[in-house]
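# Secondary and tertiary structure notes
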Amino acid sequence: MKIVLLGAPGAGKGTYASRLKDTYNIPHISTGDVLREAIKNKTEAGLKAKIYMDKGDFVPDEIIIDLLKERLNQDDAKTGMLLDGFPRTIEQAKILDEIIGIKAVLKFDINKDVVLRRLGGRLICKGCGEIFNKHKLPPKQEGICDLCENQLHQREDDTEETIIKRYDLYQNQISPLEEHYKKTNNLHTLDSNIDLSDPECKVLENCKIILDNIKSKL
Ligand code: ADP
Ligand code: ZN
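Numbering of residues begins from 1 in every chain and follows the order in which that chain's sequence is written. As a convention, the first chain written is A and the first ligand written is 1, with the rest following in written order. Owing to the predicted nature of the model, reporting of local features is limited to residues with pLDDT of at least 70; listing and counting of side-chain atom pairs is limited to 80 or more, with chain, interface and lining totals taken over all residues. Neither water nor hydrogens contribute to the side-chain values; these are computed over all heavy atoms in the structure.

To continue, consider the overall build of the protein chain. Here a helix means four or more residues in a row that DSSP labels H or I, a strand means two or more in a row labelled E, and each is numbered from the N terminus. When its secondary structure is counted, the protein chain shows 8 helices and 8 strands. Each radius of gyration is computed over the set of C-alpha atoms, and the globule rule expresses the reference value as 2.2 Å times the number of residues to the power 0.38. At 17 Å, the protein chain has a C-alpha radius of gyration in line with the 17 Å of a compact globule built from 218 residues. With the principal axes as the frame, the protein chain shows a C-alpha extent of 45 × 45 × 35 Å. For the exposure calls, accessible area comes from a 1.4 Å probe over protein chains only, and a residue counts as buried if that area is under 20% of its type's maximum, exposed if over 50%, partly exposed in between. With 218 residues in all, the protein chain has 47% of them scored as buried. Throughout, a residue-residue contact means that at least one pair of heavy atoms, one from each residue, lies within 4.5 Å. Considering only residue pairs separated by 6 or more positions, the protein chain has 71% of its internal contacts joining residues 24 or more positions apart. The charge count includes Lys and Arg as positive and Asp and Glu as negative, but it does not include His or the ends of the chains. To locate a charge, the coordinates of NZ of Lys, CZ of Arg, CG of Asp or CD of Glu are taken. Averaged over its 34 positive side-chain charges, the protein chain has a centre that lies 2 Å from the centre of its 36 negative ones.

Dropping the structure here:
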């Protein structure tokens, strides 16, 4: 089950993926996480990528594509994955088509003001990667992960200026991507403006309906 998650920064791709990966027994592969891991390990690719990431710019394709291929070759990705953060451009979508066959694309729509509120308050666990929000989804104990008790931190590129730049870059690229996936795959669009903590929020249920349907046809 090879699934692409599309959505602006803050649309909730990572949060949804962390809830869905165990249900479908496929890994969540985030190119942002892969890059941050490379930075942590001080690899050549990581050090180059950091310069772009800190500014909210796209990392050059030659860096990101090698890292992605390496990750997709690992054993846990043999049967499928929830791919988050790739493709970001039509060129990347065409390259991805050559690497793996995508079964479906889930696109999460979100408004800019919601993004600013969410990412401004985003807290990420240093241990397990679980995502919290200072305002909307606070951890039980301040600064500490509910799941693994490691410390929570804010991402370096979650400043207002960089968030706006990342959002605008996404908006510039999404139309051609949408057109591409309308032609080649089944594209599903979900409204992601309602927070997961809101009882009215049906995004996860809707994702599961779509994914169950795909699974039943495999
Ligand atoms: P967000 O979607 O919130 O901006 P990510 O963690 O997905 O955060 O990505 C963080 C940064 O990593 C991006 O701003 C960009 O610099 C880089 N990056 C991630 N995926 C790609 C990609 N497919 N192509 C180019 N750059 C990427
Ligand atoms: Zn944790």
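Next up on the list: the coordination of the zinc ion (ligand 2). Coordination partners: N, O, S within 2.8 Å of the metal, 3.2 Å for Na, K and Ca; water not considered, so apparent gaps in a site are possible. The coordination sphere of the zinc ion (ligand 2) contains the protein donors Cys125 (SG), Cys128 (SG), Cys145 (SG) and Cys148 (SG), at a distance range of 2.3 Å. Taken in sequence order, the residues that donate to the zinc ion (ligand 2) follow the motif C-x2-C-x16-C-x2-C.

Only strands joined by at least two bridges in the DSSP assignment are considered to pair. Pairing is parallel in the open sheet, where 5 strands are placed in the order E2-E3-E1-E4-E8. The sheet is open, and its two edges are formed by strand E2 (28-30) and strand E8 (186-191), each paired on a single side. Put simply, the sheet's adjacent strands are angled 20° from each other on average, direction ignored. Note: strand E4 (residues 104-109) against E8, 6 bridges, orientation parallel. Its bridge partner lying in E8, alanine 104 is registered against asparagine 186. To obtain an axis, a line is fitted to C-alpha atoms, over the contacting stretch when the element is a helix, and the angle between two such axes runs from 0 to 180 degrees between their N-to-C directions.

Read across the open sheet, the 3 strands follow the order E6-E5-E7; overall the sheet is antiparallel. Because the sheet does not close on itself, it has two edges, and the strands there are strand E6 (131-133) and strand E7 (152-153). Summarising the sheet, strand E5 (residues 122-125) and E6 pair through 3 bridges and their orientation is antiparallel. Bridging from a neighbouring strand, arginine 122 pairs with asparagine 133 of E6.

Below, the discussion takes up the site of ligand 1. Around ligand 1, the structure places 19 residues, and the nearest of them are Thr31, Asp57, Gly85, Arg88 and Arg166. Contacts to ligand 1 include arginine 36, whose side-chain N or O atom sits 2.8 Å from an oxygen atom. The contact in question runs from an oxygen atom of ligand 1 to an N or O atom on the backbone of aspartate 57, over 2.5 Å. In the complex, the protein chains occlude 97% of the 540 Å² of accessible area that ligand 1 would expose alone. In terms of residue count, helix H2 (residues 31-40) provides more of the shell around ligand 1 than any other element does, 4 residues in total. Residues were grouped as follows: Ala, Val, Leu, Ile, Met, Phe, Trp, Tyr, Cys and Pro as nonpolar; Asp, Glu, Lys and Arg as charged; and all remaining residues, including Gly, as polar. A class-by-class count of the residues in the shell around ligand 1 yields 7 nonpolar, 4 polar and 8 charged. When we say a residue is near a molecule or strand, we mean one of its heavy atoms is within 4 Å of it. The definition of a polar contact used here is a pair of N or O atoms within 3.5 Å, where within protein one atom must be able to donate a hydrogen and the other to accept one, and adjacent residues in sequence count solely through side-chain atom pairs. Shrake-Rupley sampling with a 1.4 Å probe provides the accessible areas, and residues are treated as covered by the protein chains on show and by no other component.

The definition of a nonpolar core used throughout is a set of buried Ala, Val, Leu, Ile, Met, Phe, Trp, Tyr and Cys residues joined through side-chain atoms within 4.5 Å. Counting 57 residues, the largest nonpolar core has Ile3, Leu96 and Phe108 as the members making the most contacts within it. Those residues in contact with isoleucine 3, other than ones at most four positions away along the chain, are Met81, Leu82, Leu83, Lys103, Ala104, Leu106, Leu211 and Ile214. If you look at the next biggest cluster of nonpolar residues, it comprises 5 residues, including Leu123, Cys125, Phe132 and Leu152.

Every α-helix winds through 3.6 residues per turn, so residues three or four apart in the chain are directed the same way. Among the residues making up helix H5 (residues 90-99), those that are buried are Ile90, Gln92, Ala93 and Leu96. Down the axis of H5, the sector holding all buried residues measures 150°, keeping them to one side. Of the surrounding elements, those touching the buried residues of H5 are strand E1 (2-7), helix H4 (61-72), strand E3 (81-84) and helix H7 (160-184). The arc in question is the one spanned by the directions pointing from the helix axis to the C-beta atoms.

Moving on to the side chain of arginine 155. By the secondary structure assignment, arginine 155 is in the loop between E7 and H7. Classification of arginine 155 by relative accessible area gives buried; the value is 16%. A polar side-chain atom of arginine 155 sits 2.8 Å from a polar atom in the side chain of aspartate 157. Excluding anything up to four places from it in sequence, arginine 155 contacts Arg36, Arg122, Ile124 and Arg166.

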